[in-house]
Structures are given as structure tokens and as C-alpha cells.
Amino acid sequence: MAGIFDYQAGELNQVKKMTEITLEPSKGWTPKMVEWACVMAIRGTDEYQRGWEFGLALGDDVDKAIQMEPFWAGDYEWGDPDTNYRTMATLIKRTIEHRKADWMGEYTLAADLGRWEGYNRSLLIQGMEDEIRPVPKMLVEELVEILKEKAMKEDWREEGRNNMNDNTIPDWVYETLRNDNLQVYENFEGKVIISQVSERYREYTMTPQAIIDYLRTIRKKPVVMHPRICSLGRHVPKREVIAVLSERIMTQLEGGE
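The structure displayed is predicted, hence computed values, not measured ones.

A. Structural view of the nonpolar core. Core analysis: the biggest nonpolar cluster contains 35 residues, and Trp 78 and Leu 113 have the highest contact counts within it. Elements supplying a minimum of two residues to this core: α1 (31–42), α2 (46–60), α3 (62–68), α4 (70–73), α5 (81–99), α6 (105–125) and α7 (137–151). Those residues in contact with Leu 113 that lie beyond four places of it in its chain are Val 39, Ile 42, Tyr 48, Val 135, Leu 139 and Leu 143. Of all hydrophobic cores here, the second largest spans 20 residues; its members include Val 184, Leu 215, Val 224 and Val 244.

B. A look at the packing of aromatic side chains. If you walk through the whole model with that rule in mind, you get four aromatic pairs. Taking 6.3 Å as the distance between ring centres and 20 degrees as the angle between the ring planes, the aromatic pair formed by Tyr 48 and Trp 52 counts as stacked. Of this pair, Tyr 48 and Trp 52 are both found in helix α2, four residues apart, which corresponds to roughly one turn of the helix. Seen from their ring centres, Tyr 85 and Trp 116 are 5.0 Å apart, and the 45 degrees between their planes marks the pair as tilted. Of this pair, Tyr 85 sits in helix α5 while Trp 116 is found in helix α6, placing the two residues 31 residues apart along the sequence. You'll find Tyr 85 and Trp 116 in the same group, each marked buried. Each residue in the set Tyr 85, Trp 116 and Tyr 119 is aromatic and connected to the rest through ring pairs, giving one cluster. Just above the ring of Phe 54 sits the side chain of Arg 115; from NZ or CZ to the centre is 5.7 Å.

C. Fine view of the packing of helix α9 (residues 171–179) against helix α11 (residues 238–254). Two elements in contact, α9 and α11, have axes separated by 8 Å at closest approach and are oriented at 45 degrees. Between α9 and α11, the angle is such that the two are oblique. Judged by the twist between their axes, the crossing of α9 over α11 is right-handed. Between α9 and α11, the contacting residues are Tyr 174, Thr 176, Leu 177, Arg 178 and Asn 179 on the first element and Glu 240, Val 241, Val 244, Leu 245, Glu 247 and Arg 248 on the second. Looking at side-chain class alone, the contact of α9 with α11 contains five nonpolar, two polar and four charged residues.

Rules behind the numbers
- Residues numbered from 1 in each chain as written.
- Predicted model: local features only at pLDDT ≥ 70, side-chain atom pairs only at ≥ 80, totals over all residues.
- Heavy atoms only, no water.
- Core = buried A, V, L, I, M, F, W, Y, C linked by side-chain atoms within 4.5 Å.
- Buried < 20%, exposed > 50% of the residue type's maximum accessible area, 1.4 Å probe, protein only.
- Helix = DSSP H or I, 4+ residues; strand = E, 2+ residues; numbered from the N terminus.
- Contact = heavy atoms within 4.5 Å.
- Phe/Tyr/Trp six-rings, centres within 6.5 Å; stacked < 30°, edge-to-face > 60°.
- Lys NZ or Arg CZ within 6 Å of the ring centre and 35° of its normal.
- Axes fitted to C-alpha atoms, helices over the stretch in contact; angles between N-to-C directions.
- Parallel < 35°, antiparallel > 145°, perpendicular 65-115°, else oblique.
- Left-handed = near helix turned anticlockwise from the far one by under 90°.
- Nonpolar A, V, L, I, M, F, W, Y, C, P; charged D, E, K, R; others polar.

The following block contains the structure:
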């Protein structure tokens, strides 16, 4: 058994109602009921669904899964169930460690949950029930804490949409654009992604000028990916990205690089 958070087909059509629930002890909620309601609400998000699709692919074809997220998944070890669960647990720990420093960490945790449960379902389909592992308690507890905090305010997904429109750009975005080896590409969802390039795939690195040239041919707002937390990114106006990259070019010229 994969634990109390096993995904059942068709649940995504109902879970959005769960976000209307008030998670208060005075309402008679037990800890397990709160956990269940929170996880059901998370399952109704796009972030969870992206993680779920990766997890399904991972159980079927590791190479296919990596191709879905080529600029972060390729940096980690994947293979047999022991290796995959160990890697997913590592990703969860890193996200939890950085969540307080970046508001989008909560959305990455939703993808982490989807990734784990999607992989569990893939193993179940293949008759590998003995390999299935329950969702880590640390992940469930963190998600419960997030939704309990949000329940005191407005709906967390609406707040997230408002934050995405916030003009304040995190420092890590500037640090990434100024210092890291980068690549720009359009992913399978049609989003324009600016991502770090690992040493293993160094040949994919694009020059700042090449990235600027590409951005000038499109109208979409690019997403700059976090240098450490997979699936964590921030929409940044093109003019801001171009300005930072142009400054980087000037610095390189002055330094004789």
C-alpha cells in the first residue's frame, strides 16, 4: 500500500471544492482529516498535475521523464525505485529548506507531491506494489502547514496569482542572470524558460547576446528558473532580462573576457 494519500482516478474533478473548507479545530477536524483535506486541495493544482505527469513517465521510461524536464532532471540520478525515491526525497528536503526564503517554494512542494504520487501509481500499474513507498511525512506536514496559514488569509492559489503579478523580483533572479551558464528554450507547455545549464550539458550554454536576440523575436514573458530548486521559477519582464544580460556583456567586455 502506498499510504493514505493514494491517488484515485477522477479525484481532480472534485478536489477544488476542498479549498472552501475552513481548517479549524473548533469545527471538529482531527489531524488526519486536516491532512486529507489539504492533500486533496493540493491535488487540484496545476503544479501537482505537472509533477504527477513526470512521476508517471518516470515509472515507465526514465529517459522520457528527463526529456520532460531536461534542464533540472538531468542533474539528478534516476533509475530503479530505490534510486528514484531517494532522489525525490532529496528534492523535497531541499525545497523545504528554501521555502521560507522564496514564496514559490509552496508551489514546488505541490509538484513534489504530484511527482511522488504519480510514480507510485506507475509502479502500481506495473504490478510492483512491493516497491511503492508512502508519501514522506515531512512533505505532508509542510503542505498542511502551508494551507493552514493560507486558510487564515485568502485562497492560496489566488494569492499566488497576485504574487506572480508582483513587480518585486527576487535577488536570486538577478544573480542567476548575471553569473550562471544559461539556456533559453520553449518547453512543452509553450512557456519560454531561461534555465541554468549544468556542467554535464555545458555545450547547450548560450551567450547573453544569443539569449537577448531570441527574446527580441518573441512576445511572451520569460520564466527564469531557480538555480537550486527544480520546478521553481519567476516570470520576469523581457526588458528587465535584456537589461541585466546587456550589463553582463558590458562587464565581460571591460574585463577582457
